[in-house]
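Descriptive analysis of the structure
So the chains spell out like this:
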Amino acid sequence: MPHLGNKMSRYKFGLQFKATLENVTDVRPLGDDFRWFLKLKCGNCGEIPDKWQYVTLVESVPLKGGRGSASMVQKCKLCSRENSIDILGDTITPYNAENSETFKTMVQFECRGLEPVDFQPQAGFAAEGAESGTPFPEINLLEKDWTDYDEKISESVGIYEVTHQFIKC
Ligand SMILES: [Zn+2]
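Residues numbered from 1 in each chain as written. Predicted model: local features only at pLDDT ≥ 70, side-chain atom pairs only at ≥ 80, totals over all residues.

Per an unreviewed UniProt entry, the protein carries the name CXXC motif containing zinc binding protein and comes from Astatotilapia calliptera. On record in UniProt, under Sequence similarities (unreviewed entry), the comment for the protein is "Belongs to the UPF0587 family." (UniProt positions renumbered as here; feature names shortened; annotations may be inferred.)

Below, the structure written as structure tokens:
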């Protein structure tokens, strides 16, 4: 029987994105420096720091004991345990017109000792016109709604009622 008593739990969590899309598709985080703003819960003591923390693909911190690396390693302020979270870059998937109004996993995080409990979309998203292909490279979803105008089709475009949920993968 393997002894698992001291092993820190390691899980993958999927961030599922949901929004209503108007005349746009391919909604995605742009670039490796895109900031995923999260609230993270310590799996040991249950502490959830108030402030938003972010992880990016450009940050990489080695894990102790040669266990690879993570996007962020942090010591829990309450119980002092060292937890980590890693963005699984090849799981990043755009949210397309046909996904409108349904939840779809946009990214997965590999977590050791913690779990993501909240997500705040901010700047750094991009999308393109569903029919026109017009690029929209600077989308901020902090207000949960974004709207613009596509000159090529003389129609308004938008991303509305952005919500999310986390699933265990
Ligand atoms: Zn803790």
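Attention now moves to the overall build of the protein. Within the protein one finds zero helices and 14 strands. Counting helices and strands in the order they occur from the N terminus, the protein gives β-β-β-β-β-β-β-β-β-β-β-β-β-β. Dimensions of the protein, computed from C-alpha atoms along their principal axes, come out at roughly 60 × 30 × 30 Å. Burial statistics for the protein: of 169 residues in total, 29% are counted as buried. For the protein, restricting intrachain contacts to residue pairs at least 6 apart in sequence, the fraction spanning at least 24 positions comes to 62%. (Helix = DSSP H or I, 4+ residues; strand = E, 2+ residues; numbered from the N terminus. Buried ≥ 20, exposed ≤ 12 C-beta atoms within 10 Å, placed from the backbone. Contact = placed C-beta atoms within 7 Å.)

Below, the discussion takes up the pairing of strand β9 (residues 104-112). Of the strand pairs in this sheet, strand β1 (residues 10-22) and β9 are connected by eight bridges, and their pairing is antiparallel. Following the sheet pairing, L15 is matched in β9 by V107. Bridge count for strand β8 (residues 82-88) against β9 is five bridges, and the pairing is antiparallel. Note that in β9 the partner of L88 across the bridge is Q108. (Pairing = 2+ DSSP bridges.)

Next up on the list: unusual backbone geometry. For S154, which is not glycine, the phi torsion reads 50° and is therefore positive. Considering the arrangement of structural elements, one finds S154 in the loop between β13 (146-150) and β14 (155-168). S154 gets classed as exposed once you count the C-beta atoms within 10 Å, which come to 8.

Before going further, it helps to spend a moment on the environment of E131. Locating E131 in the fold gives a position in the loop between β11 (125-129) and β12 (135-139). Considered as a pair, E131 and R35 are 96 residues apart in the sequence and their alpha carbons are 28 Å apart.

Moving on: the environment of K39. Along the polypeptide, K39 turns up in strand β3 (residues 36-42). Between the C-alpha atom of K39 and that of D118, which follows or precedes it by 79 residues, the distance is 5.0 Å. Once you skip the residues sitting within four places of it in the chain, K39 turns out to touch I48, W52, V117 and D118.

Attention now goes to the nonpolar core. In terms of nonpolar packing, the biggest core is built from 32 residues, with V24, V27, I85 and I159 touching the most fellow members. Top element by residues in this core is β1. It accounts for five residues. Residues in contact with I85, not counting those within four places in the same chain, are L40, V55, A70, S71, M72, F109, C111 and L114. (Core = buried A, V, L, I, M, F, W, Y, C linked by C-beta atoms within 7 Å.)

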